[in-house]
Amino acid sequence: MVGSRAIESRESCQILTEAALSGIFGVPRGNLKGATDWEPTWSQPSTDGCAAFLFEVTMEQYSVFDIIGPRMTGPSSSHTAGAVRLSHTVRHIVGKPISKVQFTLYGSFAETGRGHGTDKALIAGILGLYPDDARIKDAYQMAADADLLVDFEYSDEPVEHPNTVRILATDIDGEDTEAVGQSIGGGKILITEINGLDVELTGDYPTIIIRHQDVPGVIAEVSHVLAQLNINIAFMRVFRHDRGEDAYMCIETDTPVTKDMQTIILSLCKSIQQLFAI
Amino acid sequence: MSSRMFDSGKALVEYCNEQHITLGEAMLRREVAMGEHSREEIERDMCANLEVMRSSVRKGLTERVESVSGLSGGEAMLLFRYSKYNPFTGDNTCRAAASAMAVVEVNAAMGCIVAAPTAGASGILPGVLLECGVERSWTDAQLVEGLFAAGAVGMLFAKNATISGADGGCQAETGVASAMAAAAIVELAGGSPDQCLDAAAMTIKNVLGLVCDPVAGLVECPCIKRNALGAANAMLCADMTLCGITSLIPFDEVVSAMYAVGKDMRKEYRETAKGGLAMTPTGKKVAQRMKRINSK
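Please read these numbers as outputs of a predicted model, since none were measured by experiment. (Residues numbered from 1 in each chain as written. Chains lettered and ligands numbered in written order. Predicted model: local features only at pLDDT ≥ 70, side-chain atom pairs only at ≥ 80, totals over all residues. Heavy atoms only, no water.)

Student: Even after reading the chapter, I still don't get the overall build of chain B, so can you show me in this structure?
Tutor: Scanning chain B for helices and strands turns up 13 helices and one strand. Scanning chain B from its N terminus toward the C terminus, one meets helices and strands in the order α-α-α-α-α-β-α-α-α-α-α-α-α-α. Judged by the C-alpha coordinates and their principal axes, chain B covers about 60 × 40 × 40 Å. Taking all 296 residues of chain B together, the buried fraction comes to 58%. (Helix = DSSP H or I, 4+ residues; strand = E, 2+ residues; numbered from the N terminus. Buried < 20%, exposed > 50% of the residue type's maximum accessible area, 1.4 Å probe, protein only.)

Below is the structure:
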């Protein structure tokens, strides 16, 4: 028993290290093709020994398909492909059929969105299309066919990142989900807010988002169950409103967490209130 | 296999010479070494990229494409047809330039393309590679190898400089795309790894300092025509290399110079649409018109 506890705490420690590493950059891996006006904090290799090492580690993640690729529907990786991914991710967060969606576009999204087809891209993502789908340009018609109500607002309110969108989705049971996301370049995205809670979610890896009570032991419990299911955690972040209140875990994994596995996690971890998989 | 082989062009060429392999093969080996996919899977994925490239060229040259903004479309087809009538650039170069434009026109019309290295510069590599491939009867397997060689050069820029217009201006997008295309065709024509990088160095030298100044912030003007230039630049530098001309400044130093110039560029010239052609009276007028469409 003591032995198994020791393993558990070592795992937690590993997870914390991984989470801390990703936290240092504050942006997802793989942002080679930066977006307008925005510079990743690590865009220049630092001469500092530690930071230089971390930079190397992240660079190793890049693939030839980051250079020649992605295959995508144009015209812009940030304004089109990234927009599809943002709303596609929100579709998963909602987890149920969506009947109504309202998009508020900020910054460069608001200024040049129409010319870049950002509006169509956002609708396409909500409909479940991927960035390389040739039907993105027909998204308005597809939404009409699927009885999806869409509404756009273009805001000139200043935002932290130029390519920002706020998505308010209402599912068929009338429940609202509100998320804010940024398209940070090269088709990469960052979901920064879910239902008023600050998060950091990239969608680069299979991800589960868990809403849970902020009580001691939940993180260890969840990571333990994942370990038993042979799921390796790549990155993990924990967010909360306030001590003891609702909290969220974003867990990015190397392999997808199947529906069956999600049921197991839900049945074994009692403090979980909701679980979404992306 | 050395994990540092993509640290510099010099290290990469040394590795290739030691192993008696091409740049493309080195790139492929590194991808396999990353451990996520088998060699066959990686080759198949790159072949899928080649297919999308091919269909985007075909679409732009045969169909009536028009961009969402209404600013572009149809010019690639014009140039392609004209290429039969004794063009000054030679019919081969003229067709490659038209093909490059075709891809970016398709991109602007919300068609499917392969970013190479970015969407705005996506025409150069397919334009050059596919046109030269037809001309010289290269097989698909050879073209895929060419794509890996191009990827190797792009990777060197990504690791040691930038391939983002927002970081380094147009030189980092269409410039790097030309360098990638030049290296690919030099390799497929039988040039050495060293010659591939020399050709890449020369293409960048030719467009060093090129700013990113998209009118109304859209990937259309001047991007589409700069892809045409990029194709011609790549083919010219490939020819210069293959006839024995070398670059006085070595590849790695050119990469550093490109990065330094990019960093010195004012923000106005790095994809913000606040400088260069975007700020001409006509450029501003177009931007105003787009804004009105947007607010409707």
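Student: What is the right way to read the sheet that holds strand 9 (residues 233-240) of chain A from this model?
Tutor: Hydrogen bonding along the main chain pairs the strands of a sheet, whether they run parallel or antiparallel. Residue and element names in this part refer to chain A. What the four strands build is an open sheet, ordered 9-10-8-11; its pairing is antiparallel. The open sheet has two free edges, formed respectively by strand 9 and strand 11 (272-277), since each of these has just one partner strand. The average angle at which neighbouring strand axes cross in this sheet is 15°, direction not considered. Here seven bridges tie strand 8 (residues 207-213) to strand 10 (residues 246-253), and the two strands are oriented antiparallel to one another. Across the sheet, residue I210 finds its bridge partner in strand 10, namely M249. The strands touched by helix 8 (residues 218-228) within the sheet are strand 8, strand 9, strand 10 and strand 11, with strand 10 carrying the most contacts at an inclination of about 30°. Packing against the sheet, helix 9 (residues 259-268) makes contact with strand 8 and strand 11, and its axis sits at approximately 165° to strand 11. (Pairing = 2+ DSSP bridges. Axes fitted to C-alpha atoms, helices over the stretch in contact; angles between N-to-C directions. Contact = heavy atoms within 4.5 Å.)

Student: For this particular structure, what's the right way to read the pairing of strand 9 of chain A?
Tutor: Put simply, side chains in a regular strand alternate between the two faces of the sheet. Residue and element names in this part refer to chain A. Across the eight residues of strand 9, six count as buried, placing the element largely inside the fold. The pairing of strand 9 with strand 10 spans seven bridges and is antiparallel. Residue pairing in the sheet places R237 in a bridge with C250 of strand 10. Hairpin connection between strand 9 and strand 10: a loop of five residues separates the two successive antiparallel strands, and G244 in this loop has a positive phi of roughly 80°.

Student: I would appreciate a short explanation of the pattern of salt bridges in the present structure.
Tutor: Oppositely charged side chains may form a pair once their charged atoms are brought near each other. Evaluation of the coordinates by the stated rule reveals 27 salt bridges over all chains. In this structure, D204 of chain A and K188 of chain A form a salt bridge, with 3.9 Å as the shortest nitrogen-oxygen distance. Of this pair, D204 of chain A sits in the loop between strand 7 (197-201) and strand 8 while K188 of chain A sits in strand 6 (residues 188-194); the two residues are 16 residues apart in sequence, bridging distant segments of the chain. Of the residues examined, K188 of chain A reaches a relative accessible area of 15% and is grouped as buried. In the salt-bridge network here, residues are joined through shared partners; they are D91, R95, E131 and E135 of chain B. (Salt bridge = Lys/Arg side-chain N within 4 Å of Asp/Glu carboxyl O.)

Student: It is not clear to me how the packing of helix 4 (residues 77-94) of chain A against helix 6 (residues 118-126) of chain A should be interpreted in this structure. Could you clarify?
Tutor: Packed helices, taken two at a time, are described by the angle their axes make and the gap between the axes. All names here are of chain A. The contact between helix 4 and helix 6 brings their axes to 7 Å, and the two run at 30°. Judged by the inter-axis angle, helix 4 sits roughly parallel to helix 6. In this structure, helix 4 meets helix 6 at a crossing whose hand is right-handed. From helix 4, H79, T80, A83, V84, S87, H88, V90 and R91 reach across to helix 6, where they touch T118, A121, L122, G125 and I126. Looking at the contact of helix 4 with helix 6 residue by residue, the class counts come to six nonpolar, six polar and one charged. (Parallel < 35°, antiparallel > 145°, perpendicular 65-115°, else oblique. Left-handed = near helix turned anticlockwise from the far one by under 90°. Nonpolar A, V, L, I, M, F, W, Y, C, P; charged D, E, K, R; others polar.)

Student: Hey, could you run me through the domain arrangement of chain A in this one?
Tutor: When the parts of a complex come together, some accessible area is lost, and that lost area is often used as the size of the interface. Residues and elements named next belong to chain A. Here the domain parsing of chain A yields domain 1 (2-63), domain 2 (72-203) and domain 3 (205-278). Each of domain 2 and domain 3 was reduced to a C-alpha centroid, and the two centroids are 25 Å apart. Together domain 2 and domain 3 conceal approximately 1200 Å² of surface at their shared face, both sides included; 66% is due to carbon and sulfur atoms. Of all residues in domain 2, L197, E200 and L201 give up the largest surface area on contact with domain 3, accounting jointly for 40% of the area buried on that side. Between R237 and E200 there is a salt bridge whose closest N-O contact spans 3.5 Å. Applying the counting rule to domain 2 against domain 3 returns two residue pairs in polar contact (both at pLDDT 80 or more). (Domains from an automatic or database assignment. Buried area = accessible area lost by both parts, 1.4 Å probe. Polar contact = N/O pair within 3.5 Å; in protein donor to acceptor, adjacent residues only side chain to side chain.)

Student: Whenever I open this one, helix 9 (residues 174-188) of chain B confuses me. Can you help?
Tutor: Because the α-helix completes a turn every 3.6 residues, residues three or four places apart line up on one side. Residue and element names in this part refer to chain B. An ideal rise of 1.5 Å per residue puts 21 Å on 15 residues; helix 9 measures up with 21 Å between its terminal C-alpha atoms. Counting buried positions over the 15 residues of helix 9 gives 15, a clear majority of the element. Following helix 9 by one or two positions, G190 adopts a phi angle in the positive range, close to 100°. (Expected span 1.5 Å × (residues − 1).)

Student: Which parts of the structure should I look at to understand the confidence of the model for chain B?
Tutor: Detailed reading of the predicted coordinates is not advisable wherever pLDDT is low. Averaged over chain B, the pLDDT score is 95; the fraction of residues at 70 or greater is 98%. Across the predicted assembly, pTM comes out at 0.82 and ipTM at 0.95. (pLDDT = per-residue confidence, 0-100.)

Student: Before we go on, may I ask you to explain the side chain of S67 of chain B in this structure?
Tutor: Residue and element names in this part refer to chain B. Turning to its location among the elements, S67 is positioned in the loop between helix 3 (39-62) and helix 4 (75-82). A polar side-chain atom of S67 sits 3.1 Å from the main-chain amide nitrogen of L71. A polar contact is formed between the side chain of S67 and the side chain of E220, at a distance of 2.7 Å. Every residue in contact with S67, bar those within four places of it in the chain, is listed here: S72, A108, A109 and E220.

Student: I'm lost on the packing of aromatic side chains in this one. Help?
Tutor: Two measures describe an aromatic ring pair: the distance that separates the ring centres and the angle between the ring planes. Residues and elements named next belong to chain A. Taken as a whole, this structure holds five aromatic pairs over all chains when the rule is applied. Ring geometry for F103 versus F152: centroids 5.0 Å apart, planes at 20°, classification stacked. With F103 in strand 2 (residues 98-106) and F152 in strand 3 (residues 149-154), this residue pair connects regions lying 49 residues apart in the sequence. Judged by relative accessible area, F103 falls into the buried class, the value being 0%. (Phe/Tyr/Trp six-rings, centres within 6.5 Å; stacked < 30°, edge-to-face > 60°.)

Student: Help me understand the interface of chain B and chain A in this model?
Tutor: Of the residues lining the interface, 55 residues belong to chain B; the matching set on chain A comes to 42 residues. Roughly 4000 Å² is buried in total at the junction of chain B and chain A, and carbon and sulfur atoms are behind 56% of that figure. Applying the counting criterion to the chain B and chain A interface returns one salt bridge. The partner of R71 of chain A in a salt bridge is D45 of chain B, and the shortest N-O contact between them spans 3.1 Å. Looking at the side of chain B that touches chain A, the elements with two or more residues in it are helix 2 (23-33), helix 3, helix 5 (91-108), strand 1 (112-114), helix 7 (140-160), helix 8 (165-168), helix 12 (251-264) and helix 13 (281-295) of chain B. The pairing of strand 1 (residues 71-73) of chain A with strand 1 of chain B spans three bridges and is antiparallel.

Student: What is the right way to look at unusual backbone geometry in this model?
Tutor: In terms of backbone geometry, most residues other than glycine have negative phi values and most peptide bonds are trans. In this structure, the amide linkage connecting G74 of chain A to the following residue, P75 of chain A, adopts the cis form with an omega of 5°. Following the sequence through the fold, P75 of chain A ends up in the loop between strand 1 and helix 4. With an omega of -5°, the peptide bond between A116 of chain B and P117 of chain B qualifies as cis. Mapped onto the elements, P117 of chain B comes out in the loop between strand 1 and helix 6 (124-136). Even without being glycine, N195 of chain A reaches a positive phi, approximately 45°. Relative to the helices and strands, N195 of chain A resides in the loop between strand 6 and strand 7. Taking the relative accessible area as the measure of exposure, N195 of chain A reaches 36% and is therefore partly exposed.

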